[in-house]
Amino acid sequence: MGAELRRIREALGWTQEEAASRLGYRSFSTVSKIEKGVQGLKIQQLPHFFEVYDITDPGLREGLRDLVRKAGEADWQQRYEGVVDDPLGDYLSLVESASSLFVFNPASIHGLLQTPEYSRAVVEGSRAWKTPQDIDKFVSMRQEHQTSVLERDPALKIWAVLPEGLLRQEVGGRPTMRAQICHLIDLARTVPSITVQVLPHKAGAHAGMDGPFMLMSFPYGRDVVCIESLRTSLHLNEPSAVEVYRTTSDLLKSDALSQKASLSFLTTIAEDLE
C-alpha cells in the first residue's frame, strides 16, 4: 500500500513535505511512515487521498481499497525483520505487486528462478553475510519470497534473458549448476507465465552491455526500472528513462535465441555439465 502511494506521489512530482501539507498533516513524517508501511490507513481515509492525489480511475481506487483490506493480514516478511529492510524491502514489495517482470543480469540468475542450492551458493559467494545463521536466514527469506510470488494468482509474468557465460559459470559446482539449468528448462516448459531466452556468446556486442536491470509493470501506475547493487537499488519511473530500458529489453529479446532454440541450448549445457 505504501509503495503504491509513493509511486503516485512521485508521479505527481511532489515531495513528502508537499504531500503532507496538501493532506493536512502537520509533519511529512506521517507520509513517510505510511509509504514505508509503518503506519496503516483505514478504508474511511482513502476518499481523502483520492481527492488530494486526484485518483479518479475506478480500477486504481478499488486496487488501493483492496490493499488497505489486506494490510491487516499476516505478512511473511515480518518474520525477517532486519533482513528485508530498505532497500531490499522496497524491492520485494515492488515484485509482489507487479504484473510482469523483465530481467537481465549477467552476474546471477534471478532469485525467482533459482534453486535453493544455487541460491545458497550465490549468497555464500557474495561474502556479504558473515555467519551461517545470517546465510540461513537470508536464503530462507528468498525461498519464501519465491514461493509467495510464483504461487500467487494471477501469476507474475517473468521474461528472463540469460547470457551464455552466466549459464556456464559453475556456481556451487557442476552438480548444483546442472540442477539449476534443468530447473530453468522445467520452468520454461511447464510454466506458461515464465519465458527464458539464452543470449549466446556469438551474439557479440549487445544492448545489455551497460549492465543488469529489471523492468517491472503494474496493474496500475507507472512502470519501474530497478537497478540493483550489493547494498542499494535505484528505482526509475520517469517515462523517458523507462522507455530507454524498454527498448533495451526488446533489443535483448531480439538478440537472444528463440524460446525453442533456447531450450535446446539449455539442454546442451546441462549435458556438458553432467
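The rules behind these values
Residues numbered from 1 in each chain as written. Predicted model: local features only at pLDDT ≥ 70, side-chain atom pairs only at ≥ 80, totals over all residues. Heavy atoms only, no water. Helix = DSSP H or I, 4+ residues; strand = E, 2+ residues; numbered from the N terminus. Buried < 20%, exposed > 50% of the residue type's maximum accessible area, 1.4 Å probe, protein only. Areas by Shrake-Rupley, 256 points an atom, 1.4 Å probe, with all protein chains shown as cover. Lys, Arg positive; Asp, Glu negative; His and termini not counted. Charge placed at Lys NZ, Arg CZ, Asp CG, Glu CD. Expected span 1.5 Å × (residues − 1). Arc of directions from axis to C-beta. Contact = heavy atoms within 4.5 Å. Core = buried A, V, L, I, M, F, W, Y, C linked by side-chain atoms within 4.5 Å. Pairing = 2+ DSSP bridges. Axes fitted to C-alpha atoms, helices over the stretch in contact; angles between N-to-C directions.

Draft legend 1. Structural context of the overall build of the protein. Tallying secondary structure elements over the protein gives twelve helices and six strands in all. By its C-alpha atoms, the protein is 65 × 40 × 30 Å across when sized along the principal axes. Taken across its 274 residues, the protein has 43% of its residues classed as buried. Entry remark: accessible area of the protein is about 14,400 Å², with carbon and sulfur atoms responsible for 50%. Computed over 30 positive and 37 negative side-chain charges, the inter-centroid distance for the protein is 1 Å.

Draft legend 2. A look at helix α11 (residues 239–255). Helix length check: α11, at 17 residues, gives a terminal C-alpha distance of 24 Å against a target of 24 Å (1.5 Å per residue), a fit within 8%. Among the residues of α11, V242, T248, S249 and L252 are the ones counted as buried. When α11 is viewed along its axis, its buried side chains cluster within an angular range of 115° and face the same direction. Exposed and oriented more than 90 degrees from the buried face of α11 are S240, V244 and S254. Residues of α11 that are buried sit in contact with β1 (100–104), β2 (157–163), β3 (194–199), β4 (213–217), β5 (224–228) and β6 (233–236).

Draft legend 3. Expanded view of the side chain of T115. The residue T115 is located in the loop between β1 and α7 (116–126) in this model. Apart from residues lying up to four places away in sequence, T115 is in contact with Q143, A179, Q180 and H183.

Draft legend 4. Local environment of the nonpolar core. With 44 residues, the main nonpolar core has L167 and I181 as its most contacted residues. Among residues more than four places away in sequence, those in contact with I181 are L167, L266, I269, A270 and L273. Counting 18 residues, the second-largest nonpolar core is a separate cluster that includes W14, V52, I55 and L64.

Draft legend 5. Seen up close, the sheet that holds β5. Read across the open sheet, the six strands follow the order β3-β2-β1-β4-β5-β6; overall the sheet is mixed. Both edges of this open sheet fall to β3 and β6, since each of them pairs with a single strand only. The sheet shows a mean angle of 15° between the axes of neighbouring strands, taken without regard to direction. Here β1 runs beside β4; their pairing, made up of five bridges, is antiparallel. Bridging across to β4, F102 finds its partner in L215.

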